Amino acid sequence: MGRSQVVPRGRDPRFGPDADDAGCTILHVDMDAFFASVEIRARPELRGKPVIVGGLGPRGVVSAASYEARRYGVGSAMPMARARALCPRGVFLPVDGAKVAEASHAAMQIFRDVTPLVEPLSVDEAFLDVAGAQRLLGRPAEIAVRIRGRMVAEQGLTCSVGVAPTKFVAKLGSTRAKPDGMVVVPAGLVLDFLHPLPVAALWGVGEKAAETLHRLGLNTIGELANAPWGMLRRAVGEASAAHLHELSWGRDPRKVEPEQVEKSIGAEMTFDTDVSDPALLRRSMLALSEKVGARLRASGNVGRTVSIKVRLADFRTVNRSRTIATSTDVAREIFETSWALFRALGPTEQIRLIGVRVEGLTAAATTSRQLTLGEPERGWREAEAAADAIAARFGRASVGPASLLGRSDLRRTENHPYSTVVPLSDPPTPS
C-alpha cells in the first residue's frame, strides 16, 4: 500500500498556490508519470494514449503509467500481466535506461540551479531546501512556480510540487497536487491538512500495520494522533509508536541532506520463467557482475564485500556474502567471488531471481590496493577500463565477455536500471 494511492487528490483553496508560505522552505518535487512521460516526449504521437512502461516479460512490473492508462486502474509496481488485462489497448514499452537517466539529470540540474540543498530520493523526485534562495528568487511558492515553468519550457515534462515546513508534509503535498499541480501547506494549517488523511499515508505504515490500526478503530491520522499512547505502543511497538505519533502531529525534524553516501551498488535479474540450468545461471551472474563493476568504476568507488541474493520459485530468499582481501571494482573479481558463493549453496531448486552486490564502498582514489607477487602490470582492471571507454562511445552492448555474445536478454532484464543509493526515504519494492 503506497502513500500515492491513499492520499486523496483534488484542489482545496486553503492549500492552493496563493496560501501563506511563510516558513514553508521545504519543497518536494515529483515528476509526473516520469518513465511514461519521457517516452511520450520522444514520441509525440503517443500523447493522449494509455502508455505503460516497465518490464515486458511474464514477470515484469509497471514502472510508470500515463494518466490515460491510470483511468483503467493501471498503477506503478503492478504486475505487467495485470496491466495488460486492465488495459488491453495500451501502448506497452520497455524502460529506456539511458533516456530516463538523461531526463533525470536535466531535472536535477534545474533543482540545483535553485539551491545546492537538493536531496534526490529517486530518479524522478527530490527534496529542496529553498530557505537560502528566497532573497534572490522570492517566496517558496514563487520558487515552486519557477521550477514547474522551467520543467515544461526546457524539458517538455510536468511535475507536481509540495511546499511545506517539513519533508514529510511536503511529500504528501506533492502527492495531493498530482498531476501537474502545486500544494502549499501553511505552517498554521499542517494539522488541518494531515488529520483527515488515512493512516496509511504515514511513513512506516504498510498494509499490515494499517490493518492493525484499523482494527483498533484508528482510520485517520487525526484518530491516531489522539489515540492513547499505551494502546498505540501495544499495537505497533514503542519505536514505531513514537515515530507515528510525531508524524501525526506534523513533527519531522529531518533536514534536506544533499550528500548521499553510496553504501552499496548492485544489480538483480528476474527470470521470465524459473531457471535451474547452471550454465544460464553462470552467464547471468557474469552479466550482473559486469554491470556492477561498470557502475562502481563510474561512481569512483571500490568495495570489499561481495554479496549475492537468490530467490527461489516459492519466494524463499537466500543471501550470502564474503569479504575479500582487497577492495575492488573489477567485474572479473566480483564474478569469481559471487559465483563461488552461489556454488557453495549446493544443489538448488528452481530460481526466480538472482542478484549481485558490492558493499562497504570507499573512494577508489583514496583506497590503497595490495599488489600480488608476480601480478602483471596490466590486467583485468585495465581491460575493463578500456571497455568502459568503448561503451561510452558506442554503447554498452558493443563490448563485453565473449560468453555473453548473443545474450542480449541478459543485458536488459535486471529489475532496476540504477545502482541502489541508501539511505532512502522509502525501501525499494521487492520483486
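What counts and how
Residues numbered from 1 in each chain as written. Predicted model: local features only at pLDDT ≥ 70, side-chain atom pairs only at ≥ 80, totals over all residues. Heavy atoms only, no water. Phe/Tyr/Trp six-rings, centres within 6.5 Å; stacked < 30°, edge-to-face > 60°. Helix = DSSP H or I, 4+ residues; strand = E, 2+ residues; numbered from the N terminus. Buried < 20%, exposed > 50% of the residue type's maximum accessible area, 1.4 Å probe, protein only. Lys NZ or Arg CZ within 6 Å of the ring centre and 35° of its normal. Contact = heavy atoms within 4.5 Å. Salt bridge = Lys/Arg side-chain N within 4 Å of Asp/Glu carboxyl O. Polar contact = N/O pair within 3.5 Å; in protein donor to acceptor, adjacent residues only side chain to side chain. Pairing = 2+ DSSP bridges. Axes fitted to C-alpha atoms, helices over the stretch in contact; angles between N-to-C directions. Parallel < 35°, antiparallel > 145°, perpendicular 65-115°, else oblique. Left-handed = near helix turned anticlockwise from the far one by under 90°. Nonpolar A, V, L, I, M, F, W, Y, C, P; charged D, E, K, R; others polar.

(A) Local environment of the packing of aromatic side chains. Scanning the entire structure with this criterion turns up 5 aromatic pairs. Centroid distance Phe15 to Phe193: 5.2 Å. Interplanar angle 75°. Geometry classified as edge-to-face. Linking Phe15 in the loop between helix 1 (3-6) and strand 1 (26-31) with Phe193 in helix 9 (residues 190-194), this pair joins segments that are 178 residues apart in sequence. For the pair Phe15 and Phe193, a shared accessibility class is recorded, and that class is buried. Put simply, the rings of Phe335, Trp339 and Phe342 touch in pairs and so form one group of aromatic residues. Above the face of the Tyr67 ring, Arg70 is positioned so that its terminal group lies 4.3 Å from the ring centre.

(B) Up close: helix 2 (residues 34-42). Counting buried positions along helix 2 yields 7 of 9 residues, so the element is predominantly enclosed. Phe34, Phe35, Ala36, Ser37, Val38, Glu39 and Ile40 are the residues of helix 2 that are buried. Close packing links the buried residues of helix 2 with strand 1, strand 2 (51-54), strand 3 (62-65), strand 4 (91-93) and helix 5 (97-114).

(C) Broad picture of the environment of Ala235. Residue position: Ala235 is located in helix 12 (residues 229-236). Along the sequence, Ala235 and Thr212 sit 23 residues apart, while their C-alpha atoms lie 6.9 Å from each other. Excluding residues that lie within four positions of it along the chain, Ala235 makes contacts with Thr212 and Leu216.

(D) Geometry of the pattern of salt bridges. Applying the stated rule across the entire model yields 19 salt bridges. A salt bridge links Lys309 to Glu268; the shortest N-O distance between them is 2.5 Å. Here the residue Lys309 occupies a position in strand 10 (residues 301-312), and Glu268 occupies one in strand 9 (residues 264-275), the gap between them amounting to 41 residues. Summarising the burial analysis for this pair, Lys309 and Glu268 share the class buried. Each of Asp12, Arg14 and Asp192 takes part in one network of salt bridges that share partners.

(E) The environment of Arg297, seen in detail. In this fold, Arg297 is placed in helix 14 (residues 278-299). Residues Arg297 and Thr328 lie 31 residues apart in sequence; the distance between their C-alpha atoms is 9.4 Å. For Arg297, the side chain forms a polar contact with the main-chain oxygen of Asp329, separated by 2.9 Å.

(F) Examining the side chain of Thr305 more closely. Here Thr305 lies in strand 10. Assessed through its relative accessible area of 15%, Thr305 is described here as buried. Within the structure, Thr305 has its side chain in polar contact with the side chain of Thr323 (distance 3.0 Å).

(G) Summary view of the sheet that holds strand 2. The 3 strands are arranged 3-2-4 in an open sheet whose pairing can be described as mixed. Two strands in the sheet have a free side with no partner beyond their single neighbour: strand 3 and strand 4. Direction aside, neighbouring strands of the sheet carry axes that sit 20° apart on average. Across 3 bridges, strand 2 lies against strand 3 in antiparallel orientation. Paired with Ile52 across the bridge in strand 3 is Ala65. Helix 2 rests against strand 2, strand 3 and strand 4 of the sheet, and its axis sits at about 115° to strand 2.

(H) Quick peek at the packing of helix 14 against helix 15 (residues 331-343). One way to put it is that helix 14 packs onto helix 15 with a least axis distance of 8 Å and a crossing angle of 140°. Relative to helix 15, helix 14 is oriented oblique. Along this stretch, helix 14 crosses helix 15, giving a crossing that reads as right-handed. Counted together, Pro278, Leu281, Arg282, Met285, Leu286, Ser289, Glu290, Val292, Gly293, Leu296 and Arg297 of helix 14 and Ala331, Ile334, Phe335, Ser338, Trp339 and Phe342 of helix 15 form the full contact between these two elements. Classifying every residue of the contact of helix 14 with helix 15 gives 11 nonpolar, 3 polar and 3 charged.

What is shown is where atoms sit, not what they do.
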